[in-house]
Amino acid sequence: AQKVTQTQTSISVMEKTTVTMDCVYETQDSSYFLFWYKQTASGEIVFLIRQDSYKKENATVGHYSLNFQKPKSSIGLIITATQIEDSAVYFCAMREQNTGYQNFYFGKGTSLTVIP
Amino acid sequence: NSKVIQTPRYLVKGQGQKAKMRCIPEKGHPVVFWYQQNKNNEFKFLINFQNQEVLQQIDMTEKRFSAECPSNSPCSLEIQSSEAGDSALYLCASSPHRAPEVFFGKGTRLTVV
């Protein structure tokens, strides 16, 4: 079963607007970490932001923020004031703490196109 | 910018040939992962190390794939006999001790012709 699901395969937005990308996850662990990564056209994968399951406050880094809804097992990524260079594929990922150095579970990605 | 260094960036091999790629993890990161990303953007975990010891590896890795992370040398992933289905982006990532996130290199794109 898919542990991390991203239902949006692609999104297009106008530059300088706000976009939200959805992600839902499955876990039995009481403690886990959620991440968003960005993969550029060159293939490079960049870590953007992390949410710890025990934290109630939504994480924010620069123009990236998260909408963490724990009861819904949902972790949305919000990008405000989008720029052309935000065009990329965005991956949601989860890591369960109690499994130690376990591999990550990745979603299949959402391709974002920012239109000038 | 990524501090995980992967070489080469591109690798072209014929079927049955060996393919070897290397990774220098970020300094101070004891945990190293190898992933395969296919053309559908799906990540497949291959193997991970803590310092020089294998933590986990999948069955595929045990057959044609081999990997190591010797001390004071780059980590490496080698495919003994490349197959067309091995064409993919191979990603190395490293993680600080007790930190949850991993940091990826720019990948090695393997094409098996």
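For the structure itself, consult the block above.
These numbers were taken from a predicted model, which means no experiment stands behind them. (Residues numbered from 1 in each chain as written. Chains lettered and ligands numbered in written order. Predicted model: local features only at pLDDT ≥ 70, side-chain atom pairs only at ≥ 80, totals over all residues. Heavy atoms only, no water.)

Draft legend 1. The state of the cysteines, seen in detail. Residue and element names in this part refer to chain A. What the rule picks out here adds up to three disulfides over all chains. Disulfide pairing is shown between cysteine 23 and cysteine 92; the S-S distance is 2.0 Å. Residues cysteine 23 and cysteine 92 are joined through a disulfide that is left-handed, its torsion about the S-S bond being -75 degrees. With cysteine 23 in the loop between strand E3 (19-21) and strand E4 (24-25) and cysteine 92 in strand E10 (residues 88-96), this pair connects stretches of sequence that are 69 residues apart. We classify cysteine 92 as buried; its relative accessible area is 0%. (Disulfide = S-S within 2.5 Å. Helix = DSSP H or I, 4+ residues; strand = E, 2+ residues; numbered from the N terminus. Buried < 20%, exposed > 50% of the residue type's maximum accessible area, 1.4 Å probe, protein only.)

Draft legend 2. Local environment of the pairing of strand E6 (residues 53-57) of chain B. All names here are of chain B. Where strand E5 (residues 43-50) meets E6, four bridges bridge the pair, whose relative direction is antiparallel. When the bridges of E6 are listed, glutamine 50 appears paired with glutamate 53. Hairpin connection of E5 to E6: two residues between the antiparallel strands, including asparagine 51 at a positive phi of 55 degrees. (Pairing = 2+ DSSP bridges.)

Draft legend 3. Molecular detail of unusual backbone geometry. For the bond from B:Thr7 to B:Pro8, the omega torsion is -10 degrees, close enough to zero to count as cis. Tracing the sequence through the fold places B:Pro8 in the loop between strand E1 (5-7) and strand E2 (10-13). If you check the backbone angles, A:Ser73 has positive phi at about 50 degrees while not being a glycine. Tracing the sequence through the fold places A:Ser73 in the loop between strand E8 (64-69) and strand E9 (74-79).

Nothing here speaks to function; it is geometry throughout.
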